[in-house]
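Below, each chain spelled out in residue letters.
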Amino acid sequence: MATAGKVIKCKAAVAWEPNKPLVLEEIEVAPPQDNEVRIKIVATSVCHSDLYHLLESMHKDGFPTVLGHEAAGIVESVGPGVTEFQPGDKVIPLFLSQCRECQLCKNPKTNQCAIGWTRIRQEIMAAVESRFTCKGKRVLQFMGTSTFSEYTVIHQTAVAKIDPDAPLDKVGLLGCGICTGYGAAVNTAKVQPDSTCAVFGLGAVGLAAVMGCKSAGAKRIIGVDINPEKAEKAKVFGATDFVNPKDHNKPINEVLFEMTNGGVDYSLECVGKVDIMCSALKSSAPGWGVSVIVGWTDMYDIAVRPVELISGRTWKGSLFGGFKSKDGVPEMVKAYMDKKVQLDEFITHNMTLDQVNDAIELMKHGKW
């Protein structure tokens, strides 16, 4: 392409400081360096992890940054050493790398990548390197992706090539939330047919978890959320029941225990709140119940009495639904193309980049 090897000036939504609206700016995106890919972003979505960094953790060293990590685009150019991609390829950026060479990538028990994490400073949720500048200042790349920009540069181990016929405005959702929730049910919890499940939090991740439970053959799927508008949406993805904790004067785990005559087989926490994580654990059946922590937070400790686990429950964590990213995302794209997973139903609004603050407000108020 004519822009290969040159600095690209484009629009991006810059978070100059925490807890402030993003600002649409013209930024400079440098050409890709060794093993990097420069991508034209076609569609991106807002994930709660973006809001977590902007509004909750607010690490002082994590700004200025360009948020966004759930997207799809087209390769514009590649740096030296890149052989897997070429200009024109349809791709999905990945916040979780897969180098396929380190000891973790070669281990089927995990989707972590030891090499990938060396390129991310987890405490500030940003890449060590950045190809962005704005007004003469270096701007961080959130989770190494930064998709709230018309162009971005990403290491090749954090990019997945996908079906060239895939609709980018739909499959970009697989870059985080949908794989995270769906995989938590099928890969991490390993939900079994005819089981009973409870999903706490019915945002995109929770709804995807509901979809995963249904795909795995669960006979009863209870959606739990304080927003009554989520009830009908959850049914679209397979929920059989809906419970609003605000409608009860007792702890939600007690409500679920009574509803299921002894607790659910599987519970999945998709909110990122430690008190809900504990409630999800306690709602699972003593003796065999499995509870999975899916929601992200690194701000608080969890306190639970040992007897809750001694009784036989299993407490697990799930990152990106247990999918090895470069392998799993193309598989999920194929599943969508084969009509085995839903994506269109997750989309509530279509907006432009200059409306990103409106999108954030919608998500903050549960309208997303």
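Residues numbered from 1 in each chain as written. Predicted model: local features only at pLDDT ≥ 70, side-chain atom pairs only at ≥ 80, totals over all residues. Heavy atoms only, no water.

- In the nomenclature of an unreviewed UniProt entry, the protein corresponds to Alcohol dehydrogenase 1-like from the organism Acanthochromis polyacanthus.
- Regarding the protein, the relevant UniProt record gives this comment under Cofactor (unreviewed entry): "Zn(2+)".
- According to the UniProt record, the Sequence similarities (unreviewed entry) comment for the protein reads "Belongs to the zinc-containing alcohol dehydrogenase family." (UniProt positions renumbered as here; feature names shortened; annotations may be inferred.)

## Examining the sheet that holds strand β18 (residues 314–317)
The strands making up a sheet associate through hydrogen bonds between their backbones, and the pairing can be parallel or antiparallel.
Logical step 1: Taken in spatial order, the six strands make up an open sheet running β15-β14-β13-β16-β17-β18, and their pairing is parallel. The open sheet terminates on both sides in strands that have one partner only, identified here as β15 (241–243) and β18. Adjacent strand axes in the sheet meet at a mean angle of 20° when their direction is disregarded.
Logical step 2: In this structure, strand β13 (residues 196–200) lies alongside strand β16 (residues 266–269), joined through four bridges in parallel fashion. Bridge pairing links C197 to Y266 in β16.
Logical step 3: Packing against the sheet, helix α4 (residues 177–189) makes contact with β16, β17 (290–293) and β18, and its axis sits at approximately 135° to β17. (Pairing = 2+ DSSP bridges. Helix = DSSP H or I, 4+ residues; strand = E, 2+ residues; numbered from the N terminus. Axes fitted to C-alpha atoms, helices over the stretch in contact; angles between N-to-C directions. Contact = heavy atoms within 4.5 Å.)

## Re the packing of aromatic side chains
To describe a pair of aromatic rings, one takes the distance between the centres and the angle between the planes.
Logical step 1: All told, the structure shown has three aromatic pairs when counted by the stated rule.
Logical step 2: Here the aromatic rings of F237 and F346 are separated by 4.3 Å at their centres, their planes lie at 35°, and the arrangement is tilted. On the criterion of sequence distance, the pair formed by F237 in the loop between α6 (230–236) and β15 and F346 in the loop between α10 (325–337) and α11 (356–364) is long-range, its members being 109 residues apart.
Logical step 3: On the basis of relative accessibility, which here comes to 0%, the residue F237 falls in the buried class.
Logical step 4: On the numbers, 6.5 Å between centres and 65° between planes, the contact of F320 with F323 is edge-to-face.
Logical step 5: Residue classification places F320 among the buried positions, given a relative accessible area of 2%.
Logical step 6: With relative accessibility at 10%, the residue F323 sits in the buried group.
Logical step 7: Pairwise contacts between aromatic rings join F95, F320 and F323 into one cluster. (Phe/Tyr/Trp six-rings, centres within 6.5 Å; stacked < 30°, edge-to-face > 60°. Buried < 20%, exposed > 50% of the residue type's maximum accessible area, 1.4 Å probe, protein only.)

## Some remarks on the sheet that holds strand β10 (residues 137–141)
Logical step 1: Judged by pairing direction, the barrel is mixed, and its five strands sit side by side in the order β1-β2-β9-β10-β4 before closing back on the first.
Logical step 2: Of the strand pairs in this sheet, strand β2 (residues 23–29) and strand β9 (residues 132–134) are connected by two bridges, and their pairing is antiparallel. Across the sheet, residue E28 finds its bridge partner in β9, namely T133.

## Structural notes on helix α1 (residues 48–57)
Logical step 1: Listing the buried residues of α1 in full gives S49, D50, L51, Y52, H53 and L54.
Logical step 2: Each element contacted by the buried residues of α1 is listed here: β1 (8–15), β3 (36–45), β4 (65–66) and α11.
Logical step 3: Once α1 ends, the next one or two residues include M58, with phi positive near 45°.

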